[in-house]
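# Notes for the structure review
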Amino acid sequence: MPDDTNEPFIRGLQQAWQREQASARIYRALAAREPSETRRRVLLKLAASEVQHGERWAARLRELGAPLPPDRDRPRDRAWRWVLVQSGTDNALKRIESSEDDDAALYAELARLAPTTEDRAALSAVQQDEQAHSRLTGAVGAAGAVVGPQARLDTLLRRETWHKRGGGWIGQAIYGANDGLGSVFGIVTGVAGATAGGPAVLIAGLAGMLASALSMGSGAYLATKAEHEVQQAEIGRERRELEQNPAEEREELALFYQLKGVPEDEAEALATRLMTQPQSALQTMVSEELGLSEQNAPNPWTAALSATLSTAFGAFIPIIPFFVASGYPAIVASFAISTLAHFLIGAAKTIVTGLNPWRSGLEMTIIGIGEALITYGLGLLFGTAVG
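So, here's what we can say about the structure. (Residues numbered from 1 in each chain as written. Predicted model: local features only at pLDDT ≥ 70, side-chain atom pairs only at ≥ 80, totals over all residues. Heavy atoms only, no water.)

When helices and strands are tallied, the protein shows 15 helices and zero strands. Across the 387 residues that make up the protein, the buried fraction comes to 43%. When contacts within the protein are restricted to residue pairs at least 6 apart in sequence, those whose partners lie at least 24 apart make up 76%. Counting only carbon and sulfur atoms, one obtains 62% of the accessible surface of the protein, whose full area is about 20100 Å². (Helix = DSSP H or I, 4+ residues; strand = E, 2+ residues; numbered from the N terminus. Buried < 20%, exposed > 50% of the residue type's maximum accessible area, 1.4 Å probe, protein only. Contact = heavy atoms within 4.5 Å. Areas by Shrake-Rupley, 256 points an atom, 1.4 Å probe, with all protein chains shown as cover.)

Bringing the packing of helix α1 (residues 7-33) against helix α3 (residues 75-86) into the picture now. Relative orientation of the contacting elements α1 and α3 amounts to 35°, with a least axis distance of 10 Å. For the crossing formed where α1 meets α3, the hand is right-handed. In this structure, α1 contributes R25, I26, A29, L30 and R33 to the contact, and α3 contributes R81, L84, V85 and Q86. Grouping the constituent residues of the contact of α1 with α3 by class yields five nonpolar, one polar and three charged. (Axes fitted to C-alpha atoms, helices over the stretch in contact; angles between N-to-C directions. Left-handed = near helix turned anticlockwise from the far one by under 90°. Nonpolar A, V, L, I, M, F, W, Y, C, P; charged D, E, K, R; others polar.)

This part takes up the packing of α1 against helix α2 (residues 37-63). Interhelical geometry of α1 versus α2 gives an angle of 160° and a closest axis separation of 8 Å. What the angle tells us is that α1 and α2 run roughly antiparallel. Classified by chirality, the crossing of α2 by α1 is left-handed. Partitioning the contact of α1 with α2 into residue classes produces 16 nonpolar, five polar and five charged. (Parallel < 35°, antiparallel > 145°, perpendicular 65-115°, else oblique.)

On the surface, L206, F316, I320, F323, V324 and I337 cluster together into a nonpolar patch covering about 520 Å² of accessible area. Tracing the chain through its elements places L206 in helix α8 (residues 199-244). By relative accessible area, which is 32% here, L206 ends up partly exposed. (Patch = residues over 30% accessible without salt bridge, like charges linked within 9 Å, V, L, I, M, F, W, Y side chains within 5 Å. Salt bridge = Lys/Arg side-chain N within 4 Å of Asp/Glu carboxyl O.)

Right, let's get into the nonpolar core. F9, L13, A16, W57, Y107, L110 and L123 are the most contacted members of the largest nonpolar core, which totals 15 residues. For this core, the element with the most residues is α1, which contributes five residues. Contact partners of L123, with chain neighbours within four places excluded, come to F9, W57, Y107, L110, A111 and A114. (Core = buried A, V, L, I, M, F, W, Y, C linked by side-chain atoms within 4.5 Å.)

Attention now moves to the packing of aromatic side chains. Two aromatic rings, taken as a pair, are described by how far apart their centres are and by the angle between their planes. Taken as a whole and assessed by the stated rule, the structure comprises four aromatic pairs. Consider the rings of F316 and F323, whose centres lie 5.7 Å apart with planes at 40°: the pair is tilted. F323 sits in the partly exposed class, given a relative accessible area of 45%. (Phe/Tyr/Trp six-rings, centres within 6.5 Å; stacked < 30°, edge-to-face > 60°.)

Attention now moves to the environment of R60. Relative to the helices and strands, R60 resides in helix α2. R60 gets classed as buried once you look at its relative accessible area, which sits at 16%. For the pair R60 and D119, spaced 59 residues apart in sequence, the C-alpha to C-alpha distance is 8.7 Å.

This is the structure in structure tokens:
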């Protein structure tokens, strides 16, 4: 007879056993319909891992004198599995990824209820397996069976800092200049419409420039700092997993290589070789699992300085004429140089986007002119109403 004091733990183990059986059936069903041999092997390995987890809980339940619950493939389970399979492997794996996270939460609760340190250790190991499965399902869904030249090139480029996509601080500077120009150009034209280009335009423009630059700089700093902290936390978590569960991490690394088209035996040998070099293994796992790189970690101060200066530069352009003129001549000059700046910044955006510079420049110019006409008209309307 089972010990009544272990009843909550036993019920949790029984639930965990049933979940493992259901998960294994889903993985097998997906594998049966998967045309890619590489992904099919990975799915079957995941199914086998779930079965092994179930066997561990079954053995522990027998030790506690508790029965195994019935392994019923209920109609609602079959219906859900059918829906997942029909929706396609990629969509199904997104759903499974969420359920793996739920399983990890169940194991965390079981660890709290566990009567022995051995139980807690076993649960911790399986919980880490479930977290690895969650990441792997995402990788299986994102990876194709055949890795072409472009995919291989992308993998290589991620390892070379001078090929960073997105433009780095250069891209941030371009977008900062664009934001500063657009916001202050709107302020200048609006106030110019209300005051016929009086001294208030210069004051409003300078205030808008300062506010925009500080806002963009502080926002860039906080966002980049948060990104950096999250990245470091992910790298630290991966380092602990490598130290605590090297066997599971080696298997996970081998599966990632298989997803990239490496034959199974070569992937196993490569993973084993990498695990003898902990730092190299960590860098590889961080890159393959998380798409991160310690060498490419964002610098909050660089982001803040770039955003602040570029926004101030863009914002300063519309108010330049008002330092030497006033009235309608200054309004016309501001409109002209701001329109030209919109085109040049729009063309410069292609450094980041890769689009046609003429098309991008004209698009920005049209948007800038439209903004100027709207704000100038509103300024005239407000000026008339107040006057």
